[in-house]
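Coordinate inspection notes
Single-letter residue listing:
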Amino acid sequence: MITDHLISVYDRPVPRYTSYPTAPHFHAGIDAKVMVDWLAGLPIDAPLSLYFHIPFCRKMCWYCGCNTQIVARHQPIADFSGMLLKEIAMVGDILTASGHRRQVTSVHFGGGTPNSLAPAEFERIMAAVGHHFALDADLDLAIELDPRTLDAEFLAAMRRTGVNRASLGVQDFDPVVQAAVNRVQPFALVEQCVADLRGAGIRSLNLDLIYGLPFQSVSGLQRTAAQAVSLQPERIALFGYAHVPWMKPHQRLIDEQSLPDAYARFRQFEAASQALTSADYARIGLDHFAKPGDSLRIARDNRTLKRNFQGYTVDRADTLIGFGPSAISALPQGYAQNAPDHTPWARDVGEGRLAAVKGIALSDEDRRRRAIIEQIMCFGRVDLAAFGFDPATIMDALTPLIEDGLCHLTGHEVTLTARGLPFQRVVAAAFDAYLVPAAKRHSRAV
Ligand code: SF4
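Remember, it's a predicted structure, so these values are computed and weren't measured experimentally. (Residues numbered from 1 in each chain as written. Predicted model: local features only at pLDDT ≥ 70, side-chain atom pairs only at ≥ 80, totals over all residues.)

Focus on the environment of Pro325
Here is the rule: Put simply, DSSP H or I for four residues or longer makes a helix, DSSP E for two residues or longer makes a strand, and each gets a number counted from the N terminus. To assign burial, the other C-beta atoms lying within 10 Å of each residue's own C-beta are counted, with C-beta atoms placed from the backbone; 20 or more indicates buried, 12 or fewer indicates exposed, and intermediate counts indicate partly exposed. C-beta atoms are placed from the backbone for every residue, and two residues are taken to be in contact when these atoms lie within 7 Å.
Looking at the secondary structure, you find Pro325 in the loop between strand S13 (319-323) and strand S14 (328-331). Residue classification places Pro325 among the buried residues on the basis of 28 C-beta atoms within 10 Å. The spacing of Pro325 and Ala356 is 31 residues in sequence and 9.2 Å in space, taken between C-alpha atoms. Apart from residues no more than four positions distant in its own chain, Pro325 is found in contact with His53, Pro55, Asn67, Asn338, Ala339, Pro340, Asp341, His342 and Trp345.

Shown next, in the form of structure tokens:
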């Protein structure tokens, strides 16, 4: 049973481990020149995954933790999409210097709001991707969408380009919660959007929910989960709201008195999770839920599930190349992040340089710990012997977790208990050689 004692001890800032080492450890030694060398050094036959960050929205949601900016006019977005074409061409030219177009198995548009692009801009970007890369016949083409601004023209562009996965930001269906976070989108609007997406050929639909928002309650989360299930998406993600107003000043618009405390947050997650699992959605890792037959669920069961910057993934590629401001590339050699702000990113790209400004090269030890952390985050267990890792070296960190019943250590195998499942990130953190205790740079564990 999860006790208040466990929440008080372990609800502490820990990374989400979408990378290891995590982004706060990136440094300026990894720049555009290093990125060019890394791209040029990629094996010719290595499949690639591409990520495009579209950093624009029409209206600020007060809970937002993303890298975005609010624009009232379209011109900045049009200028941005021109720069993105230039960045695609630069990366494409480096990768085709050998005379081969590289195979791409997955393309993901995130943001911000990717459907803030004009339909013709979106199609031009995909045409450029198709020109510079060899798109796999079974390409996963995914896009994050704001249901409030998705229109028939954009849906038609999605259909023409072959988008087959979509993710809708929902958060909560309760009008009181929606008003408190400045994102009003009635259930009927989302329902219509889901029907439109199915009509546009989307084979895999994800809905994002959030707990820990103002005025949310256990019963409200249960209602929202049931409404989400009624739309029958293949996947539902259930994220905890990260209140970090020192990093995201617009979050100060949220009345802190209306936020649930750690205990209430935990109960909200448990209630929504229970509502989803009793509707036959299986929990995948930390925060995802998947219907029977969904590829995430199959990958969890056959132990091929992976974790990257998009969360849990079945992506076949080991190399991810990020485009747009703040986008992170994960290459075999290490991580490289583009300039976080739009202006320096656009200046670099406009002057014909890649926009990587920080990152980290991976040591063998980083790779070993990354693989261990990924196993814990994906499957809740790891055989340390498979990685030649001696548990004796981290017993200081592991012993309190074992004594509090969050995990077992049997021989070389670490296994999360049911009690430890909500603290998956805390158990993973025991293997993080970079972690600064109690750092305020990460969101809370629950
Ligand atoms: S639509 Fe998404 S990215 Fe844009 S402000 Fe809202 S939460 Fe942030």
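Now, onward.
As for the site of the ligand
Just so we agree on the cut-off: Whether a residue is near a molecule or strand depends on its C-beta atom, placed from the backbone, lying within 6 Å of it. Following the grouping adopted for this structure description, the nonpolar residues are Ala, Val, Leu, Ile, Met, Phe, Trp, Tyr, Cys and Pro, the charged ones are Asp, Glu, Lys and Arg, and the polar ones are all others, Gly among them.
Taken together, the residues surrounding the ligand are Cys57, Met60, Cys61, Cys64, Cys66, Thr68, Gly111, Gly112, Thr113, Asp146 and Gly169. Residue composition of the shell around the ligand, grouped by class: five nonpolar, five polar and one charged.

Observations concerning the domain arrangement of the chain
Size of an interface, as often reported, equals the accessible area lost when the parts are brought together. Inclusion rule: Domain boundaries shown here were taken from an automatic or database domain assignment.
For the chain, the assigned domains are domain 1 (19-361) and domain 2 (364-429). The distance between the C-alpha centroids of domain 1 and domain 2 comes to 28 Å. Listed by partner, the interface residues are 11 residues for domain 1 and 11 residues for domain 2. Considering only residue class, the side of domain 1 that touches domain 2 consists of six nonpolar, one polar and four charged.

Things to note about helix H5 (residues 152-161)
Spelled out, the test is: The arc refers to the directions leading from the helix axis to the C-beta atoms.
Looking only at H5, the buried set comprises Phe154, Leu155, Ala157 and Met158. End-on, the buried residues of H5 take up no more than an arc of 160 degrees, which puts them together on one face. Among the exposed residues of H5, those oriented more than 90 degrees off its buried face are Ala152 and Glu153. Gly162, located one to two residues past H5, shows a positive phi value of around 85 degrees.

A closer look at the nonpolar core
What counts here: Only buried Ala, Val, Leu, Ile, Met, Phe, Trp, Tyr and Cys residues enter a nonpolar core, and they are joined through C-beta atoms within 7 Å.
Counting 121 residues, the largest nonpolar core has Leu50, Ala166, Leu209, Ile236, Leu238, Ala272 and Val427 as its most contacted members. Ranked by the residues each element gives to this core, the list is headed by helix H3 (residues 75-95), at six residues. A domain split of this core shows at least three residues from each of domain 1 (19-361) and domain 2 (364-429). Discounting residues that sit within four places of it in the chain, Leu50 has contacts with Val104, Val107, Val129, Ile321 and Phe323.

Examining the packing of H3 against helix H11 (residues 342-350)
To describe two helices that pack against each other, one gives the angle between their axes and the distance between the axes. Put simply, the rule reads: Convention adopted: a line fitted to C-alpha atoms gives each axis, helices being fitted over their contacting stretch, and angles between N-to-C directions are expressed from 0 to 180 degrees. Between 65 and 115 degrees an angle is taken as roughly perpendicular, under 35 as roughly parallel, over 145 as roughly antiparallel, and anywhere else as oblique. In this scheme the crossing of two helices becomes right-handed for a clockwise turn of the near helix relative to the far one and left-handed for an anticlockwise turn of less than a right angle.
One way to put it is that H3 packs onto H11 with a least axis distance of 9 Å and a crossing angle of 50 degrees. Here H11 runs oblique to H3, going by the angle between their axes. Handedness of the crossing formed by H3 with H11: left-handed. Here Met83, Lys86 and Glu87 of H3 come into contact with H11, specifically with Ala346, Val349 and Gly350. Partitioned by chemical class, the residues of the contact of H3 with H11 number three nonpolar, one polar and two charged.

Description of the sheet that holds strand S19 (residues 413-416)
Definition in use: Strands are treated as partners if at least two bridges between them are detected by DSSP.
Ordered in space as S17-S19-S18, the three strands form an open sheet in which the pairing is antiparallel. At either margin of the open sheet sits one strand with a lone partner, and together these are strand S17 (381-383) and strand S18 (407-410). Strand after strand, the sheet turns through a mean of 10 degrees between neighbouring axes, direction not considered.

Focus on the pairing of strand S15 (residues 334-338)
Among the five residues in S15, five count as buried, and that is most of the element. A two-sided burial pattern is seen for S15, the buried positions comprising Gly334, Ala336 and Asn338 on one face and Tyr335 and Gln337 on the other. One ladder, built from four bridges, connects S14 with S15; its direction is antiparallel. Looking at the pairing, Ala330 lines up with Tyr335 of S15.

Notes on the pairing of S14
The alternating pattern of S14 places Ile328 and Ala330 on one face and Ser329 and Leu331 on the opposite face, and all of these are buried. As consecutive antiparallel partners, S14 and S15 are separated by two residues.

Quick notes on unusual backbone geometry
Residues Tyr20 and Pro21 are joined by a peptide bond in cis, for which omega reads -5 degrees. Inspection of the secondary structure assignment puts Pro21 in the loop between helix H1 (4-10) and helix H2 (32-40). A positive phi is found at Ser326, a non-glycine position, where the angle reads about 75 degrees. Secondary-structure assignment places Ser326 in the loop between S13 and S14.

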